[in-house]
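Per-entry structural report
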Amino acid sequence: MGTYRVWHDRLDVKPAKLESARFGLLSRMKLVNEDEQQHPYSVLLQPINEFTIYLPPTAL
């Protein structure tokens, strides 16, 4: 098990409305079925923002 350090500028998220969502991996793993994916708690959009991930990860 490990941890990463990540840096990014302050996020500027805006609320949005979902038109459609489908995440095959979540369905195949039986974590969230396709009907549940159409009713998220919230939808937020973020303009492009660069993330820096510092490697190597730190062991926990």
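First, a word on what this report is: a plain description of the structure on this page.

The rules behind the values
- Chains are numbered independently. Their residues run from 1 in the order of the written sequence.
- Given that the model is predicted, a residue must reach a pLDDT of at least 70 before its local features are reported, and side-chain atom pairs must reach 80 or more before they are shown or counted; all residues, however, enter totals for whole chains, interfaces and linings.
- Each side-chain value is derived from all of the structure's non-hydrogen atoms; neither hydrogens nor water enter the calculation.
- Where helices and strands are cited, they refer to DSSP runs of H or I of at least four residues and of E of at least two residues respectively, numbered from the N terminus.
- Each radius of gyration is computed over the set of C-alpha atoms, and the globule rule expresses the reference value as 2.2 Å times the number of residues to the power 0.38.
- Using a 1.4 Å probe on the protein chains alone, a residue whose accessible area is under 20% of its type maximum counts as buried, one over 50% counts as exposed, and one in between counts as partly exposed.
- Whether two residues are in contact is decided by their heavy atoms: any pair within 4.5 Å suffices.
- Note on areas: Shrake-Rupley, 1.4 Å probe, and residue coverage restricted to the protein chains presented here.
- Positive charge is attributed to Lys and Arg, negative charge to Asp and Glu, and no charge count is given to His or to the chain ends.
- A charged residue contributes its charge at one atom only: NZ of Lys, CZ of Arg, CG of Asp or CD of Glu.
- Criterion for a salt bridge: a side-chain nitrogen of Lys or Arg within 4 Å of a carboxyl oxygen of Asp or Glu.

1. Looking at the overall build of the chain
- The secondary structure content of the chain amounts to two helices and four strands.
- Going from the N terminus to the C terminus, the chain shows its helices and strands as β-β-α-α-β-β.
- Taken over C-alpha atoms, the radius of gyration comes to 16 Å for the chain, far larger than the 10 Å a tight globule of 60 residues would show.
- Projected onto its principal axes, the C-alpha positions of the chain cover 40 × 30 × 15 Å.
- Residues classed as buried in the chain amount to 5% of the 60 residues present.
- In the chain, the share of contacts with a sequence separation of at least 24, taken over all contacts with a separation of at least 6, comes to 76%.
- Summed over all atoms, the accessible surface of the chain reaches about 6,000 Å², with 58% contributed by carbon and sulfur.
- Side chains of the chain give 7 positive and 7 negative charges; the mean places of these two sets differ by 4 Å.

2. Things to note about the environment of glutamate 50
- For glutamate 50, the location among the structural elements is in the loop between strand S3 (44-45) and strand S4 (51-59).
- A residue is classified by how much of its surface remains accessible, and glutamate 50, at 69% relative accessible area, is exposed.
- Along the sequence, glutamate 50 and histidine 8 sit 42 residues apart, while their C-alpha atoms lie 6.2 Å from each other.
- Beyond its immediate stretch of four places on either side in the chain, glutamate 50 contacts Trp7, His8 and Asp9.

3. Examining the pattern of salt bridges
- On inspection of all chains with the given rule, the structure shows one salt bridge.
- Linking lysine 14 and aspartate 12 is a salt bridge whose minimum nitrogen-to-oxygen distance equals 3.1 Å.
- Lysine 14 gets classed as partly exposed once you look at its relative accessible area, which sits at 45%.
- On the basis of relative accessibility, which here comes to 42%, the residue aspartate 12 falls in the partly exposed class.

4. A look at the side chain of glutamine 37
- Within the element layout of this structure, glutamine 37 appears in helix H2 (residues 34-37).
- Owing to a relative accessible area of 6%, glutamine 37 belongs among the buried residues under this scheme.
- In this view, glutamine 37 contacts Leu18, Ala21, Arg22, Phe23, Leu26, Ser27 and Val32; residues no more than four positions away in its chain are not counted.

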